[in-house]
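Letter by letter, the chains look like this.
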Amino acid sequence: MDANGLYQFVYGIALWLMQVIAWPFNNLLGWESVGGWFVSPGVVDFLTTLLAALIVFFVGFLISITFIWQERKTLGRLMDRRGTQVGFLGLFQNFADGLKTFIKEHIIPDEVDKQLFNLAPVLLIAMSCLMMCLIPLGPAFYLANLPAGLLVVFAVFSLAPFAILMAGWSSNNKYTVMGGMRAAAQLIAYEVPILLSVAAVVVLAGSLNFFDIVAVQQDTVWFIIPLIIGFIVFLISAIAEVERIPFDLPEAEAELVEGWMTEYGGFRWGLIMLSEYVRGFAASGLIVLLFLGGWDGPSFIWPEIWTMLKMFMVFGLFIWIRGALFRVTTKQILSLGWTKLMPLALVNLGIAIALKMGGWF
Amino acid sequence: MSIDWEMVFFIIFAGYTIGSALLVVFAKEIVRNVTWLAFTFIGVAILFIFLGAEYIAIIQILVYVGAVCVLILFGVMLTKRRLSGGGQCEF
């Protein structure tokens, strides 16, 4: 972990906290060794990591909750109704719903495979939260700055069909297995164009690190302009990857009850739902960082605010698409992925290589 | 006495990898075997990180764990099984 930005800030707080805790040991009890242990670098580092992770989690969590609010409000307007009403502008509706799922009964159906049934939502939420700490929101607001951060995000993204299949199979229900199968087919198919369109960005930027990619965009031009085809391919594939409405076959509620999450209820369902929006957060964050210049913008407000504003705009596009289009069939979704998006992604990769060899980037 | 923490964590994760590799062989249900296989691959990726090869660890997760769900698909599609406590399950 780099020692700047958020980490530096939290380190100061953690050191101060530990000094407050160590004070009575040093001055009242006279146990200098215990007081010294509290302010030793290892303990403070550990506390700093925990606090920084907590802050990043809460920011990601609040953004995801706000995404849900934005979706319900915008969809309401698109459908000519008012959307959520609880609290100021309906902002508190999601917290009320979260509390409701929290106090519901935990139902485990009799015939399910209990261990896998309980493990699947835990895996899903763990993967989603891992993506939160890998995606930087600004030059100072990040938890981990890995040299190959982009690759790690996609490695975590590609684990999701595994957990979904596990959930669908262990529920011991025809609808959940069908939903899980559809999810696996769709997610594996759309991994190919998404990785190819990201490869074009990596060719132009010459790096797998988010900070380098954003720095190149600040120096030259946002990658949406040279790679507009890649942007469109990435947008469509991202919607398929997070299973939103034109491509929400795995949970098609008219055919499959609730898809692979049919048997889940109460707080497990709440966790699955939250993980879906955290994946939406990750997808819109990736689009902003890779194509829309990340935190690049006029400097009269913080760069973190620019990233978030762009993320909300990208998610607004997702919501608009959801409100305007209807669900496609399995055959259409797979043929779109393999016969249209993949050739387009290859054309986009060719454009990127030509631009790189022509010396524009 | 100072403890070599890297050694301790290496032994923990190596034991985890070996244990889940054994469970791949000895578990009864085919989907469970494949699930344990995924956990074995994650353990191998962690061991790669211990060796200082982060890139291979990432690729290990991206390629192998991602491919595991294809195995599950084949396992579910090509084997007949009964729904526990119910009739024949056909897909």
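See above for the structure.
Residues numbered from 1 in each chain as written. Chains lettered and ligands numbered in written order. Predicted model: local features only at pLDDT ≥ 70, side-chain atom pairs only at ≥ 80, totals over all residues. Heavy atoms only, no water.

A tally of helices and strands in chain B yields 3 helices and 2 strands. Order of helices (α) and strands (β) in chain B, N terminus to C terminus: α-α-α-β-β. Residue burial in chain B is summarised as follows: out of 91 residues, 34% are buried. Summed over its atoms, the accessible surface of chain B is roughly 5700 Å², and 73% of this surface lies on carbon and sulfur atoms. (Helix = DSSP H or I, 4+ residues; strand = E, 2+ residues; numbered from the N terminus. Buried < 20%, exposed > 50% of the residue type's maximum accessible area, 1.4 Å probe, protein only. Areas by Shrake-Rupley, 256 points an atom, 1.4 Å probe, with all protein chains shown as cover.)

So, about helix α4 (residues 93-103) of chain A. All names here are of chain A. Among the residues of α4, Gln93, Asn94 and Thr101 are the ones counted as buried. The arc enclosing the buried residues of α4, seen along the axis, measures out at 95°, which places them on a common side. Facing away from the buried side of α4 by more than 90 degrees, the exposed set consists of Leu99, Phe102 and Ile103. For α4, the secondary structure elements touched by its buried residues are α3 (41-78) and α11 (266-291). (Arc of directions from axis to C-beta. Contact = heavy atoms within 4.5 Å.)

Interfaces are frequently sized by the accessible area removed from exposure as the parts join. Facing the 23 residues of chain A at the interface are 25 residues of chain B. For the pair chain A and chain B, the two sides together bury roughly 2300 Å², of which 79% comes from carbon and sulfur. Among the residues chain A hides against chain B, the three largest losses belong to Phe162(A), Trp169(A) and Met181(A). Together they make up 29% of the total. Summed over the shared surface of chain A and chain B, the result is 0 salt bridges. Applying the counting criterion to the chain A and chain B interface returns 1 residue pair in polar contact (both at pLDDT 80 or more). In terms of residue class, the side of chain A that touches chain B is built from 17 nonpolar, 3 polar and 3 charged. (Buried area = accessible area lost by both parts, 1.4 Å probe. Salt bridge = Lys/Arg side-chain N within 4 Å of Asp/Glu carboxyl O. Polar contact = N/O pair within 3.5 Å; in protein donor to acceptor, adjacent residues only side chain to side chain. Nonpolar A, V, L, I, M, F, W, Y, C, P; charged D, E, K, R; others polar.)

Moving on, we come to the pattern of salt bridges. Residue and element names in this part refer to chain A. Under the defined criterion, the tally for this structure stands at 4 salt bridges over all chains. With a shortest N-O distance of 2.5 Å, Glu71 and Arg322 are connected by a salt bridge. Of this pair, Glu71 sits in helix α3 while Arg322 sits in helix α12 (residues 303-324), and the two are 251 residues apart along the sequence. Owing to a relative accessible area of 2%, Glu71 belongs among the buried residues under this scheme.

Here the focus is the environment of Glu255(A). Residue and element names in this part refer to chain A. Turning to its location among the elements, Glu255 is positioned in the loop between α10 (228-241) and α11. When its relative accessible area of 42% is taken as the criterion, Glu255 is described as partly exposed. Placed 94 residues apart in sequence, Glu255 and Leu349 show a C-alpha to C-alpha distance of 38 Å. Those residues in contact with Glu255, other than ones at most four positions away along the chain, are Tyr175, Arg182 and Arg327.

All names here are of chain A. Its location among the elements puts Asn348 in helix α13 (residues 330-358). A distance of 3.3 Å separates the side chain of Asn348 from the backbone nitrogen of Gly230, its partner in a polar contact. Once you skip the residues sitting within four places of it in the chain, Asn348 turns out to touch Ser197, Ala200, Leu227, Ile229 and Gly230.

On to the packing of helix α6 (residues 149-157) of chain A against α11(A). The packing of two helices is summarised by the inter-axis angle and the distance between the axes. All names here are of chain A. As a packed pair, α6 and α11 sit with axes 12 Å apart at the nearest point and diverge in direction by 150°. What the angle tells us is that α6 and α11 run roughly antiparallel. Considering only the axes of α6 and α11, their crossing is left-handed. On α11, the residues touching Leu150, Val153, Phe154 and Phe157 of α6 are Arg279, Ala282, Leu286 and Leu290. (Axes fitted to C-alpha atoms, helices over the stretch in contact; angles between N-to-C directions. Parallel < 35°, antiparallel > 145°, perpendicular 65-115°, else oblique. Left-handed = near helix turned anticlockwise from the far one by under 90°.)

Residues and elements named next belong to chain A. Among the surface-exposed residues, Phe9, Ile13, Trp16, Leu17 and Val20 lie close enough to one another that they form a single nonpolar patch of about 510 Å² accessible area. With respect to the helices, strands and loops of the structure, Phe9 is situated in helix α1 (residues 6-29). Note on Phe9: relative accessible area 55%, which makes it exposed. (Patch = residues over 30% accessible without salt bridge, like charges linked within 9 Å, V, L, I, M, F, W, Y side chains within 5 Å.)

Applying the stated rule across the entire model yields 0 disulfides over all chains. Among the cysteines around Cys133(A), which has no disulfide bond, Cys129(A) carries the closest sulfur, lying 8.9 Å off. (Disulfide = S-S within 2.5 Å.)

It is worth spelling out the nonpolar core at this point. All names here are of chain A. The biggest cluster of nonpolar side chains holds 114 residues, and the ones touching the most others in it are Phe234, Leu286, Ile287, Leu290, Phe291 and Phe318. Apart from the residues within four sequence positions on either side, Ile287 is in contact with Phe231, Phe234, Leu235, Ala238, Leu292, Val314 and Phe318. In terms of nonpolar packing, the next biggest core, distinct from the first, is built from 7 residues, Ala14, Phe25, Val43 and Val44 among them. (Core = buried A, V, L, I, M, F, W, Y, C linked by side-chain atoms within 4.5 Å.)

This paragraph deals with the packing of aromatic side chains. Residue and element names in this part refer to chain A. A full pass over the atoms with the stated rule returns 21 aromatic pairs over all chains. Aromatic side chains Tyr142 and Phe211 sit 5.0 Å apart centroid to centroid with 70° between the ring planes, which places their arrangement in the edge-to-face category. Of this pair, Tyr142 sits in the loop between α5 (114-134) and α6 while Phe211 sits in helix α9 (residues 210-219), and the two are 69 residues apart along the sequence. Phe211 carries the same exposure label as Tyr142, and that label is buried. Ring pairing ties together the aromatic residues Phe67, Tyr277, Phe312, Phe315 and Phe318, which thus form one cluster. (Phe/Tyr/Trp six-rings, centres within 6.5 Å; stacked < 30°, edge-to-face > 60°.)

All names here are of chain A. Buried within α9 are the following residues: Phe210, Phe211, Ile213, Val214 and Gln217. Along the long axis of α9, the arc covered by the buried residues comes to 160°, so they all point the same way. Contacts from the buried residues of α9 go to α5, α6, α8 (174-205) and α11. The N-cap residue of α9 is Asn209: its side-chain oxygen and the backbone nitrogen of Phe211 are 2.7 Å apart.

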